[in-house]
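Summary of the model geometry
Residue-level listing of the chains:
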Amino acid sequence: MNAARVVLDSDKVASVSKIVRTSKPPAEDESGDLAFSWSGSADELANAYLAIVAICHQTSPVGEPRLEGNVAGKTRYGWDYLKARYLAVANGDRRWAQPTFWEAVSPAELSAMYSDKVSGLTLNRVDERAYLLNDLGRMMRRAGVAGALDAFRRAGDRLGGESGFLQFLAEFEAYRDPVRKKSLFFSSIAVKECGWRPVDLDQLLSPVDYHELRGHLRIGTVRIVDDELHRKVVGSVALTELEDTEIRIVVQQANDAIATSAAVSSSVLHYLLWNIFRNCCPRQSDLTHCASCLDCKLPPQYKAMPTYEGRCIFHLVCDSAGKPDKVQEQPYLGHFY
């Protein structure tokens, strides 16, 4: 891997870090926005989230309808619907929180879970997602673990290292990403929502979502200095797995550098950037909130930040602000993020 093809812009990282530090971003609560209370154990909740994160990739794919549906009278999109629908079903049928059940889940059962009366079935690549659940259940049985918490305990409550929980997750097809997006995302949820206390919390780096990938490329914190790779990204050409990984590694480095400089946790930074880039910096160049937020879906806790003034908080330091054509994240063919 030639790391010199993608680099960090240290000055831009410093500018973004200053904004983040001044913003005083709130902590995120994954389960707090649900219209129901989880009635099972924390262990079962961790299992449910392990399954949800395993099938969470490209819920708003380029050129395809985004995932959407209604849960408890509220229309949700992307990750919000994927999460809320699965948890609602698992809350009533606890089998969905059991690895033994995942091993036998069929594409038809997964389709039925996400089929909405109004939107229909907008969950794409259902066969692939069902396979990822099957693999998760089968491999956990072979490893002799009862669930996510059991695996974490056997790792000595440790995330990193050759015998750590992150390495355990790398054995599963859904979690074998070298940048560990899903592994880090799940681990952050397990810490925040399920009460896990890793002895090496410093190993919990920031996960890299495709919204963050797009945002960093637009702001300029991450720069592609190789001409050929730059042409492929600007031209929205699908990258090789190696090229994709190379870019995401540097995006993760940007996140970690910003979190450290701004003195916020990697999880808090991830949710801040994910919410800003998802809502204020969507794919369509003409819909970004460089000048103002019109009908902005940014959650109220982020609008309450002192740096939010009715438009994207990064507009003063973003290289793409106000430009008619902004770089897109490249089409993605895998299932890592």
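Report follows, based on the coordinates. (Residues numbered from 1 in each chain as written. Predicted model: local features only at pLDDT ≥ 70, side-chain atom pairs only at ≥ 80, totals over all residues. Heavy atoms only, no water.)

Here we take up helix 11 (residues 227–234). Two residues of an α-helix separated by three or four positions point the same way, owing to the 3.6 residues in each turn. Every buried residue belonging to helix 11 is among Leu229, Lys232 and Val233, and all of these are buried. Seen from one end, helix 11 has its buried residues packed into an arc of 95 degrees, which puts them on one side. In helix 11, the exposed residues that point more than 90 degrees away from the buried face are Asp227, Arg231 and Val234. Along its buried surface, helix 11 packs onto strand 1 (6–8), helix 10 (210–219), strand 6 (222–224) and helix 12 (241–262). Backbone nitrogen of glutamate 228 and a side-chain oxygen of the N-cap are separated by 3.3 Å at the start of helix 11; the cap is aspartate 226. Once helix 11 finishes, serine 236 follows within two positions and takes phi at roughly 55 degrees, a positive value. (Buried < 20%, exposed > 50% of the residue type's maximum accessible area, 1.4 Å probe, protein only. Helix = DSSP H or I, 4+ residues; strand = E, 2+ residues; numbered from the N terminus. Arc of directions from axis to C-beta. Contact = heavy atoms within 4.5 Å. Polar contact = N/O pair within 3.5 Å; in protein donor to acceptor, adjacent residues only side chain to side chain.)

Between the first and last C-alpha of helix 2 (residues 42–54) there are 18 Å, a value that for 13 residues agrees with the 18 Å anticipated at 1.5 Å per step. Those residues of helix 2 lying buried are Glu44, Leu45, Ala46, Asn47, Ala48, Tyr49, Leu50, Ala51, Ile52, Val53 and Ala54. In this structure, the buried residues of helix 2 make contact with helix 3 (78–92), helix 4 (99–102), helix 6 (126–143), helix 7 (148–154), helix 8 (165–169) and helix 9 (181–194). (Expected span 1.5 Å × (residues − 1).)

For glutamate 28, the position within the fold is in the loop between helix 1 (10–23) and helix 2. Here the alpha-carbon distance between glutamate 28 and alanine 112, two residues 84 residues apart in the chain, equals 30 Å.

Following both chains from N to C, one finds helix 2 and helix 6 inclined at 135 degrees, their axes separated by 9 Å at the closest point. In this view, helix 2 runs oblique relative to helix 6, as classed from their interaxial angle. In this structure, the crossing between helix 2 and helix 6 has a hand that is right-handed. From helix 2, Leu50, Ala51 and Ala54 reach across to helix 6, where they touch Leu132, Leu133, Leu136 and Met140. Of the residues contributing to the contact of helix 2 with helix 6, the split by class is seven nonpolar, no polar and no charged. (Axes fitted to C-alpha atoms, helices over the stretch in contact; angles between N-to-C directions. Parallel < 35°, antiparallel > 145°, perpendicular 65-115°, else oblique. Left-handed = near helix turned anticlockwise from the far one by under 90°. Nonpolar A, V, L, I, M, F, W, Y, C, P; charged D, E, K, R; others polar.)

Examined bridge by bridge, strand 2 (residues 68–71) and strand 3 (residues 74–77) share four bridges and lie antiparallel to one another. Bridging from a neighbouring strand, glycine 69 pairs with arginine 76 of strand 3. (Pairing = 2+ DSSP bridges.)

Turning our eyes to something else, we now look at empty space enclosed by the protein. Counting across every chain of the model gives three cavities of 30 Å³ or more. Of the voids in this model, the largest cavity is the one considered here, and its volume is about 80 Å³. Along its surface, the largest cavity is lined by 13 residues, and Cys280, Cys281, Cys290, Cys312 and Cys318 are the ones closest to its centre. Secondary structure elements with two or more residues in the lining of the largest cavity: helix 10 and helix 13 (266–280). Per element, the largest residue contribution to the lining of the largest cavity is three residues, and it comes from helix 10. Among the residues making up the lining of the largest cavity, the classes are represented as nine nonpolar, three polar and one charged. One number sums up the size of the second largest cavity: a volume of about 40 Å³. Lining the second largest cavity are Gln58, Thr59, Pro61, Pro65, Leu67, Thr122, Leu123, Asn124 and Arg129. Across the lining of the second largest cavity, the residue classes tally to four nonpolar, four polar and one charged. (1 Å grid on protein atoms, 1.4 Å probe; cavity = no way out; pocket = protein on both sides within 12 Å on 5 of 7 lines; lining within 4 Å. Points joined across faces, edges and corners; volume = space filled by probe spheres on them.)

Once that is clear, we can look at the packing of aromatic side chains. The final tally for this structure, using the stated rule, is 13 aromatic pairs. A centroid spacing of 5.7 Å and a plane angle of 80 degrees characterise the contact between tyrosine 81 and tyrosine 114, whose relative ring orientation is edge-to-face. Here tyrosine 81, found in helix 3, pairs with tyrosine 114, found in helix 5 (residues 107–114); they are 33 residues apart in sequence, far enough to count as distant. For the pair tyrosine 81 and tyrosine 114, a shared accessibility class is recorded, and that class is buried. When the centroid spacing of 5.3 Å and the interplanar angle of 80 degrees are considered together, the rings of phenylalanine 165 and tryptophan 196 count as edge-to-face. In this pair, phenylalanine 165 is assigned in helix 8 and tryptophan 196 in the loop between helix 9 and helix 10, connecting sequence segments 31 residues apart. (Phe/Tyr/Trp six-rings, centres within 6.5 Å; stacked < 30°, edge-to-face > 60°.)

Right, let's get into the side chain of arginine 283. By secondary structure assignment, the location of arginine 283 is in the loop between helix 13 and helix 14 (300–303). When sequence neighbours within four positions are dropped, the list of residues in contact with arginine 283 reads Ser60, Pro61, Val62, Tyr210, Arg214, Arg218, Gln328 and Glu329.

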